[in-house]
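# Remarks on the overall topology
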Amino acid sequence: MGDTPEFTAAAELADWGWPEVLALGGGAADPFETSSYDVTWRPKDRHFGVWHEGRVVAHAGLAVGTVEVGGQRFDVAGVGGVIVESSLRGHGLARLAVTGVLDAARADGLDRALLFCLPSRAPLYTRLGFLPLPEPVTADQPAGPAPVPLGAMWKPLTPGADWPAGPVRLHSLPM
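Residues numbered from 1 in each chain as written. Predicted model: local features only at pLDDT ≥ 70, side-chain atom pairs only at ≥ 80, totals over all residues. Heavy atoms only, no water.

### Observations concerning the pattern of salt bridges
Applied cut-off: The term salt bridge refers to a pairing of a side-chain nitrogen on Lys or Arg with a carboxyl oxygen on Asp or Glu at a separation within 4 Å.
Here the structure, examined in full by the defined rule, presents nine salt bridges. Sharing partners across several salt bridges, the network here consists of Glu 12, Arg 46 and Asp 108.

In structure tokens, the structure reads:
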């Protein structure tokens, strides 16, 4: 997806952290609305932003994780930290930011993407081509492996990529 007259397609950000997330979230203490789930999240390794009038107005992060499903072990592009400045929501900026992550993941040779989301956000990711996983994903947590209490979705990044049947074990903190 390319530039629009108002917004620049997602580009990798050299410097991104919690202060920038809070700014995009309008200063909300829990901008992703996940604190009640008691999940320890993995920080993203790479960050992609959509620019408007000289500032980042949308963000998505990438962290590569290893999953085990149906006896198969493979790496996935963990998509997370998706946030759009509240005054600019509804302009397709989440799509631009997530597309930046997915394009980078493909360039890195990854075949599948994985994300966790609140039920209210699943329709957005469905529109972006993500498919729901039928079972909860078990992921690392400080006290040991535990089911992630949020919905998990995946997306093929290359032709022919599929998701094996069976319980999913993410060998890292959720992204």
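Don't stop here, the text continues.
### Let's talk about the layout of surface pockets
The cut-off we apply is this: A 1.4 Å probe that fits into a set of points on a 1 Å grid over the protein atoms alone but cannot get out defines a cavity; an open set with protein on both sides within 12 Å along at least five of seven lines defines a pocket, and lining residues are those with an atom within 4 Å of a point. Grid points are joined across faces, edges and corners, and a volume is the space filled by probe spheres set on the points. Labels follow the DSSP assignment, with helices taken as runs of H or I lasting at least four residues and strands as runs of E lasting at least two, numbered in each case from the N terminus. Only Asp, Glu, Lys and Arg are considered charged in this grouping, and only Ala, Val, Leu, Ile, Met, Phe, Trp, Tyr, Cys and Pro are considered nonpolar; every other residue, Gly among them, is considered polar.
Here the largest pocket is characterised by a volume of approximately 1,100 Å³. Taken together, 47 residues line the largest pocket, and the ones lying closest to its centre are Phe 32, Gly 81, Val 82, Ile 83 and Tyr 125. Taken together, the elements giving at least two residues each to the lining of the largest pocket come down to helix H1 (18-24), strand S4 (72-84), helix H2 (93-107), strand S5 (112-117) and helix H3 (122-127). For the lining of the largest pocket, the element with the highest residue contribution is S4, accounting for six residues. Per-class residue counts for the lining of the largest pocket are 26 nonpolar, 13 polar and eight charged.

### Quick word on the environment of Val 84
The following threshold applies: By the convention used here, residues are in contact when the closest approach between their heavy atoms is within 4.5 Å.
Tracing the backbone shows Val 84 in strand S4. A C-alpha to C-alpha distance of 11 Å links Val 84 and Val 98, two positions 14 residues apart in sequence. Excluding anything up to four places from it in sequence, Val 84 contacts Leu 24, Val 57, Ala 58, Arg 89, Leu 93 and Ala 94.

### What to know about the packing of aromatic side chains
Here is the rule: Any Phe, Tyr or Trp ring, taking Trp's six-membered ring, that has another such ring centre within 6.5 Å forms a pair; planes under 30 degrees apart are called stacked, those over 60 apart edge-to-face, and the others tilted. The rule is short: NZ of Lys or CZ of Arg within 6 Å of the ring centre and within 35 degrees of the ring normal puts a charge over the ring.
Using the criterion set out here, one finds five aromatic pairs in the structure. These aromatic residues form a ring-pair network of at least three members: Phe 74, Trp 154 and Trp 163. Across the ring face of Phe 74, the terminal group of Arg 112 is positioned such that the distance to the ring centre comes to 3.9 Å.

These figures come from the coordinates and say nothing about function on their own.
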